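The lines below spell out each chain.
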Amino acid sequence: MTTLEEQLGLLFPAAADVPAEFRLEAEVHQKEYLSDGVMKTWNGEVHTVLSPVCIKTEKGLERKVIGSYPLCGAEEAMSSLDAAVNAYRDGRGEWPTMTVGERIACVEKFTGKMIAKKKEVVQLIMWEIGKSYADSVKEFDRTVEYINATIDALKDLDRQSSRFAIEQGIIGQIRRSPLGVVLCMGPFNYPLNETFTTLIPALIMGNTLLFKPPKHGTLLHYPLLEAFRECFPKGVVNTIYGRGNVIIAPLMESGRINVLTLIGSSKVANQLKKMHPKVNRLRAILGLDAKNAAIITEKADIDLAVKECVLGSLSFNGQRCTAIKIIFVHKQVADAFLDKLSAAVAQLKFGMPWEKDVFLTPLPEPHKPGYLQSCVADAAAHGAKVMNAHGGAANASFVYPAVVYPVNEKMKLYREEQFGPVIPVLPFESIETPIEYLIASDHGQQVSLFTNDAAELASLIDPLINQVSRVNINCQCQRGPDIFPFTGRKDSAEATLSVSDALRAFSIRSLVATKQTEENKALINQIVSEQSSNFLSTKYIF
């Protein structure tokens, strides 16, 4: 009888066994980057991109080579910064002074060209990070939906700003204006969607960009660079490639970055902010660490709790900041919950990303299987057990989910964000136990509460809503819908994102005002009627 580890090894295909419709037509060796409106050629060092999908070879399993991308240096990064600064031109550049309608037209043109590249981008998402083909398609489609929703939200915002206010003898028009040069860095787990939820609002509000793709999930942006070049003025969008410790430090130390947007770790965010010579001038929009908890009381619907916790803990292998990463379950229902949770995990389909209805796929980070196994071993050393059959089994880039119980404060799984398919479960008798955990935690993004008792639910919502930014009732933690605010307390986030919040995050309220005299009213009427100012205007976008 073969072990699960051996079975996992058998999941990986020979090159010829990959279905034709999902094969990469050719390796993608990127030799260009976009800077100052030009696709510049790179002939220096490159980073070879290895897929989490391993291929059977005569030497054994080997991660498939997808392609490569440039490893530029500080000189290239600073040159791109110069381009972004020059394009912004202290707020006088072509892009920041355009009308809202003109910027929207540029983004709409880009969206059309992006959609034309859907097949290439989706294939690269799947191969680069191991996301299922179905979820890769969803990520692309959701990103397009987000762009369109952002355009609609900006039209609405602009309509609201097209009027004049008169207060205490002062006439004023309040609009939003850009902040300057934005350094945008996205995450590997949603390398297109999460990146564009900051990049697009930053761009459409009139800022200029330096865009560094994530280490895992870089090549998928390559098919879009020509669209950026064609749709936006010179220097407005610039891509930077290279090792973060080489290219990011000089950018931040220059003091010419006005906005830092990062979806990553709080440790990295803190380091980057400290590099800026004038931190008070730096706007930060950050999505950071999270250790979202689920709390299952004895009055919960256990079947529903299991269903939602499986989705919350293991969607995209648990590699989501919004994933449920620790579960508190009342002692009275713990055995039933664990039995049903283990049974539900056993029903999940695992395999290659292109397989129909696959749920669990290989992991993109090479070190992750070893780290997860060390977490399980650490928990076992402190008294926990793996409750589900084959939990924690691994082969190459694949790790089978482990349900670990009972977890306690001595274990790494109690405090560290595992960001992978390991589900720590803790028993509790007093509801104060999970409440105190969340109070003491460095993280404060979300929590999921499972109970069918309204009084109990109310008693939990009130203390927890001041610890986290979102309380989910009888459902998993999640980001969407995108119209809802997405943020976190403590070390989990800085600023708020959603379709409308992001527009505000990447801009500032600005005001033109004058005393209500006949002379001043005549001046304003002349400017408005001649449409000679893009800011002071009553144009109405439908």
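Structural data are supplied above this passage.
Quick caveat, the model's predicted, so the values are computed rather than measured.

**Side note on helix H15 (residues 454-464)**
Point 1. Among all positions in H15, only Glu 456, Leu 457, Leu 460 and Leu 464 are buried. Along the long axis of H15, the arc covered by the buried residues comes to 95 degrees, so they all point the same way. Summarising the geometry of H15, the exposed residues directed more than 90 degrees from the buried face are Ala 454, Ala 455 and Asp 462.
Point 2. Structurally, H15 contributes buried residues whose contacts are with strand E13 (292-296), helix H14 (432-440), strand E21 (446-450) and strand E22 (470-473).
Point 3. At the N-terminal end of H15, a side-chain oxygen is found 3.1 Å from the backbone nitrogen of Ala 455, two or three residues along, and the residue is Asp 453.

**A word on the pairing of strand E3 (residues 38-41)**
Point 1. Pairing analysis gives four bridges linking strand E2 (residues 32-35) to E3, with the strands arranged antiparallel. Following the sheet pairing, Leu 34 is matched in E3 by Met 39.

**What about the environment of Asp 152?**
Point 1. Structurally, the position occupied by Asp 152 is in helix H5 (residues 133-160).
Point 2. Looking at Asp 152, the relative accessible area reads 47%, which means it is partly exposed.
Point 3. C-alpha of Asp 152 to C-alpha of Ser 500: the two residues are 348 residues apart in sequence and 9.4 Å apart in space.

**Section: the sheet that holds strand E19 (residues 422-428)**
Point 1. If you walk across this open sheet you meet the seven strands as E15-E18-E19-E14-E13-E21-E22, and the pairing is mixed. With one partner strand each, in any of the chains shown, strand E15 (385-386) and E22 form the two edges of the open sheet.
Point 2. The pairing of E21 with E22 spans four bridges and is parallel. Residue pairing in the sheet places Val 447 in a bridge with Val 471 of E22.
Point 3. Packed onto the sheet, helix H12 (residues 368-381) meets E15, strand E18 (402-405) and E19 and runs at close to 25 degrees relative to E18.

**Side note on the pattern of salt bridges**
Point 1. In this structure the tally under the stated criterion is 22 salt bridges.
Point 2. A salt bridge links Glu 45 to Arg 243; the shortest N-O distance between them is 2.9 Å. Separated by 198 residues along the polypeptide, Glu 45 in the loop between E3 and strand E4 (46-57) and Arg 243 in the loop between strand E10 (237-239) and helix H8 (244-253) bring together distant segments of the chain.
Point 3. Of the residues examined, Glu 45 reaches a relative accessible area of 45% and is grouped as partly exposed.
Point 4. Note on Arg 243: relative accessible area 43%, which makes it partly exposed.
Point 5. Two residues, Arg 175 and Asp 158, come together in a salt bridge whose shortest N-O distance is 2.8 Å.

**Quick look at the environment of Ser 162**
Point 1. Looking at the secondary structure, you find Ser 162 in the loop between H5 and strand E6 (165-167).
Point 2. Sequence separation between Ser 162 and Ser 537 is 375 residues; the distance between their C-alpha atoms is 6.4 Å.
Point 3. Apart from the residues within four sequence positions on either side, Ser 162 is in contact with Gln 173, Arg 175, Ser 537, Thr 538, Lys 539 and Tyr 540.
Point 4. Within the local environment of Ser 162, its side chain forms a polar contact with the backbone oxygen of Arg 159, the two atoms lying 2.8 Å apart.

**Points about the nonpolar core**
In a soluble, globular protein the nonpolar side chains are often hidden away together inside.
Point 1. Among the nonpolar cores identified, the biggest contains 109 residues, and Phe 228, Phe 232, Ile 296, Phe 337 and Val 425 are the most heavily contacted of them.
Point 2. Counting residues per element, this core draws most heavily on H5, at nine residues.
Point 3. Ignoring anything within four residues of it in the chain, the contact list for Phe 232 reads Trp 95, Cys 106, Val 107, Phe 110, Leu 203 and Val 237.
Point 4. Counting 30 residues, the second largest nonpolar core, distinct from the first, contains Cys 375, Val 407, Met 411 and Val 468.

**Focus: the sheet that holds strand E8 (residues 181-185)**
Strand pairing within a sheet occurs via backbone hydrogen bonds; the two strands may be parallel or antiparallel.
Point 1. Read from one edge of the open sheet, six strands run E10-E9-E8-E11-E12-E24, paired in mixed fashion. Each end of this open sheet is capped by a strand with a single partner; those strands are E10 and strand E24 (493-494).
Point 2. Pairing between E8 and strand E11 (residues 259-263): four bridges, direction parallel. Opposite Met 185, over in E11, you have Leu 262 as the bridge partner.
Point 3. Contacting E8, strand E9 (208-212), E10 and E11, helix H6 (residues 193-204) runs over the sheet at an angle of about 165 degrees to E9.

**Quick notes on unusual backbone geometry**
Point 1. The omega torsion of the bond from Tyr 405 to Pro 406 falls at -10 degrees, within 30 degrees of zero and hence cis.
Point 2. Its location among the elements puts Pro 406 in the loop between E18 and helix H13 (412-415).
Point 3. With an omega dihedral of -10 degrees, the bond running from Gly 480 to Pro 481 counts as a cis peptide bond.
Point 4. Although it is not a glycine, Gln 168 sits at a positive phi angle of roughly 50 degrees.
Point 5. With relative accessibility at 81%, the residue Gln 168 sits in the exposed group.
Point 6. Look at Asn 317: it is not a glycine, yet its phi comes out positive at around 60 degrees.
Point 7. Relative to the assigned elements, Asn 317 resides in the loop between helix H10 (302-314) and strand E14 (324-330).
Point 8. Overall, Asn 317 belongs to the buried group, its relative accessible area being 1%.

**Remarks on the packing of aromatic side chains**
Point 1. For the structure on display, the rule yields 15 aromatic pairs.
Point 2. Seen from their ring centres, Phe 350 and Phe 398 are 5.8 Å apart, and the 55 degrees between their planes marks the pair as tilted. A residue pair is termed long-range when its members are at least 10 positions apart, and Phe 350 in the loop between helix H11 (331-346) and H12 and Phe 398 in strand E17 (residues 398-399) qualify at 48 residues.
Point 3. A relative accessible area of 22% places Phe 350 in the partly exposed class.
Point 4. Residue Phe 398 is classed as buried on the basis of its relative accessible area, which comes to 0%.

**As for the pairing of E18**
Point 1. Across the two faces of E18 the burial is the same, with Ala 402 and Val 404 and Val 403 and Tyr 405 all buried.
Point 2. By the bridge criterion, two bridges tie E15 to E18 in an arrangement that is antiparallel. What sits directly across from Lys 385, in E18, is Tyr 405.
Point 3. Where E18 meets E19, three bridges bridge the pair, whose relative direction is parallel.

Scoring rules and cut-offs
Residues numbered from 1 in each chain as written. Predicted model: local features only at pLDDT ≥ 70, side-chain atom pairs only at ≥ 80, totals over all residues. Heavy atoms only, no water. Buried < 20%, exposed > 50% of the residue type's maximum accessible area, 1.4 Å probe, protein only. Helix = DSSP H or I, 4+ residues; strand = E, 2+ residues; numbered from the N terminus. Arc of directions from axis to C-beta. Contact = heavy atoms within 4.5 Å. Polar contact = N/O pair within 3.5 Å; in protein donor to acceptor, adjacent residues only side chain to side chain. Pairing = 2+ DSSP bridges. Axes fitted to C-alpha atoms, helices over the stretch in contact; angles between N-to-C directions. Salt bridge = Lys/Arg side-chain N within 4 Å of Asp/Glu carboxyl O. Core = buried A, V, L, I, M, F, W, Y, C linked by side-chain atoms within 4.5 Å. Phe/Tyr/Trp six-rings, centres within 6.5 Å; stacked < 30°, edge-to-face > 60°.

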